[in-house]
Amino acid sequence: MSPLLELRNITKRFGGLTAVNELSYHVEEGESLGLIGPNGAGKTTTFNLIMDEFQLTSGQIIYRGTNIEKLPTHKRVQEGIVRTYQVPRPFHEMPVSDNIRIGMMPENIGKMIAEAPDPDAEMAIARSVGFGEREFAMYPGELSMGDLRRLELARTIAAGPKLLLLDEVFAGLTVAEIGQITELLLEKRKDGLTYIIVSHDLRSLAPLVDRVVAMSFGALLSEGSFDEVLADEKVQEAYLGT
Ligand SMILES: Nc1ncnc2c1ncn2[C@@H]1O[C@H](COP(=O)(O)OP(=O)(O)OP(=O)(O)O)[C@@H](O)[C@H]1O
Ligand SMILES: [Mg+2]
């Protein structure tokens, strides 16, 4: 089986700071991979590199067997690579329904303006993340953090991802909200979605992942099953900061 995504020795430097350092890992098709590490380890930077929101200093990104380093962000999205943001980024001037609509055609906002809306399709996606009619008509400024994270998920699911990059989807959520998002992700996984999920909330991460990659100071620290990685002394030291 060939990996859906493979990172080969990717490096990102910001001036003198090496945020990601010769990092290599992969995710198989249909697999769910947890990406963990202390604050500043380089997890979000990895996602920025996969999306071409930051340019690689060096290294290779291989998606479905093809190098994609030269593809701009919107082409990567078209190819099915979609992400959520650690700090949700909705379009504040639009209701939830239109935010989902934009997700459905991320590569073409012109098309979105020209084409008639399909409220049934938008509502179906809204319902899949637990929204009702009320939230559907609300503006992002009126939503709780839990609902904003749900909207991030709705927007990405609307884009029909093959590979979903989830950055701290549980941060700021109640236990009940975490449970709902977990169920949604498990369901999407049954449909064949592949994802990489970053979370500081290791307990919530555990039921969602087949495998875990731990990083620290931009480099790979440990790789294996959730239990193996958490039991790794190097990982424990990195978290304790010793
Ligand atoms: N645009 C940027 N310019 C300069 N330095 C940056 C930039 N983005 C990230 N960094 C630095 O790169 C390193 C890795 O940051 P990154 O946000 O990827 O960490 P993280 O693992 O996502 O951390 P957290 O768990 O806190 O979200 C940090 O030292 C950070 O300060
Ligand atoms: Mg981060």
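Quick summary incoming for the structure in this document. (Residues numbered from 1 in each chain as written. Chains lettered and ligands numbered in written order. Predicted model: local features only at pLDDT ≥ 70, side-chain atom pairs only at ≥ 80, totals over all residues.)

## Digging into the sheet that holds strand β9 (residues 211-216)
Part 1 of the reasoning: Taken in spatial order, the six strands line up as β6-β7-β8-β3-β9-β10 in an open sheet, and their pairing is mixed. In the strand order of this sheet, the two ends are held by β6 (81-83) and β10 (219-224), each with one partner. Direction aside, the axes of adjacent strands within the sheet are offset by 20 degrees on average.
Part 2 of the reasoning: Pairing analysis gives five bridges linking β9 to β10, with the strands arranged antiparallel. Bridging from a neighbouring strand, S216 pairs with A219 of β10.
Part 3 of the reasoning: Against the sheet, helix α1 (residues 43-50) touches β3 (32-36), β6, β7 (163-167), β8 (194-198) and β9, its axis set at about 150 degrees to β7.
Part 4 of the reasoning: Running over the sheet, helix α11 (residues 233-240) touches β9 and β10 and is turned about 130 degrees from β10. (Pairing = 2+ DSSP bridges. Helix = DSSP H or I, 4+ residues; strand = E, 2+ residues; numbered from the N terminus. Axes fitted to C-alpha atoms, helices over the stretch in contact; angles between N-to-C directions. Contact = placed C-beta atoms within 7 Å.)

## Considerations on the site of ligand 1
Part 1 of the reasoning: Looking at ligand 1, the residues that line it are F14, L17, A19, G37, N39, G40, A41, G42, K43, T44, T45 and Q86.
Part 2 of the reasoning: Every element with two or more residues in the shell around ligand 1 is listed here: β2 (17-28) and α1.
Part 3 of the reasoning: The element that contributes the greatest number of residues to the shell around ligand 1 is α1, accounting for three residues. (Near = placed C-beta within 6 Å.)

## Some points on the sheet that holds β2
Part 1 of the reasoning: In space, the four strands of this open sheet follow the order β2-β1-β4-β5, with antiparallel pairing throughout. The outermost strands of the open sheet, each flanked by one partner alone, are β2 and β5 (66-67).
Part 2 of the reasoning: Sheet topology note: the strand β1 (residues 3-14)/strand β4 (residues 58-63) ladder contains five bridges and is antiparallel. Along β4, the bridge assignment pairs T11 with S58.
Part 3 of the reasoning: Sheet contacts for α1: β1, β2 and β4; angle to β2, the most-contacted strand, approximately 70 degrees.

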